[in-house]
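# Fold and geometry: a report
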Amino acid sequence: MGGVSTVGDRVDRVPKQDRSRATRQRLLEAAVACLAEHGWAGSTVSVVAERAGVSRGAAQHHFPTREDLFTAAVEYVAEERSTALRALFPEGAAGDRRAVVSALVDLYTGPLFRAALHLWVAASNEEQLRPRVTELEARVGRETHRIAVDLLGVDESRPGVRETVQGVLDMARGLGLANLLTDDAGRRDRVVAQWGLLLDEALG
């Protein structure tokens, strides 16, 4: 009988684990949305919990501190965006560098970049937050660079190639900053087209 009870307990636990994962994901998505819309000052654990439809206690069970919640949220969405970017070009995209540049620019004009920017500003004034955000940003930056190299189909051992790829990412970040204040889609499309041409010339 004891063995049957153990199996039953294990079966009962699976839905609970699924519910816990779902709650955690709702909190992370709500945190990013709040950060993008309201900034650091307006994004408390209570506000995020209410948006996610969970109690403050449940939120603190998953994320004991506000810093835990928001660094995890930006990391979560950064990983989601990396996965989505790779999925755009499952067979690689060396033949269409303009499409790759456009996809990279999209990384910096969506809610992730807006949320991350608020987190960076907060980290510049919050000693407890700064090292965690700095580490996270470095890791996300390295991953984005690796994705860009793969998608562009370039050899970084060639002189100037690494700097060219980094220039594309710096340009994309700049367009993301410009997009924070105004809808810059028209100019952005022209810049993306020009960078596609420049990459073909520079990278061969």
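Residues numbered from 1 in each chain as written. Predicted model: local features only at pLDDT ≥ 70, side-chain atom pairs only at ≥ 80, totals over all residues. Heavy atoms only, no water.

### Points about the UniProt feature "domain: HTH tetR-type" (unreviewed entry) in the protein
- As annotated by UniProt and renumbered to match this structure, "domain: HTH tetR-type" (unreviewed entry) occupies residues 21-81.
- Regarding residues 21-81, the helix share stands at 80% and the strand share at 0%, and the terminal C-alpha atoms are separated by 19 Å. (UniProt positions renumbered as here; feature names shortened; annotations may be inferred. Helix = DSSP H or I, 4+ residues; strand = E, 2+ residues; numbered from the N terminus.)

### Comments concerning the packing of aromatic side chains
- Counted according to the given criterion, the structure contains 3 aromatic pairs.
- Aromatic pair Trp 40 and Phe 70: ring centres 5.4 Å apart, planes at 65°, arrangement edge-to-face. Here Trp 40, found in the loop between helix H1 (2-38) and helix H2 (45-52), pairs with Phe 70, found in helix H4 (residues 66-88); they are 30 residues apart in sequence, far enough to count as distant.
- Since its relative accessible area comes to 11%, Trp 40 is described here as buried.
- Residue Phe 70 is classed as buried on the basis of its relative accessible area, which comes to 0%.
- On the basis of an interplanar angle of 75° and a centroid distance of 5.6 Å, the ring pair of Tyr 108 and Phe 113 is categorised as edge-to-face.
- The class for Tyr 108 is buried, based on a relative accessible area of 10%.
- Taken together, Tyr 108, Phe 113 and Trp 120 form an aromatic cluster joined through their ring pairs.
- Across the ring face of Trp 40, the terminal group of Arg 66 is positioned such that the distance to the ring centre comes to 3.9 Å. (Phe/Tyr/Trp six-rings, centres within 6.5 Å; stacked < 30°, edge-to-face > 60°. Buried < 20%, exposed > 50% of the residue type's maximum accessible area, 1.4 Å probe, protein only. Lys NZ or Arg CZ within 6 Å of the ring centre and 35° of its normal.)

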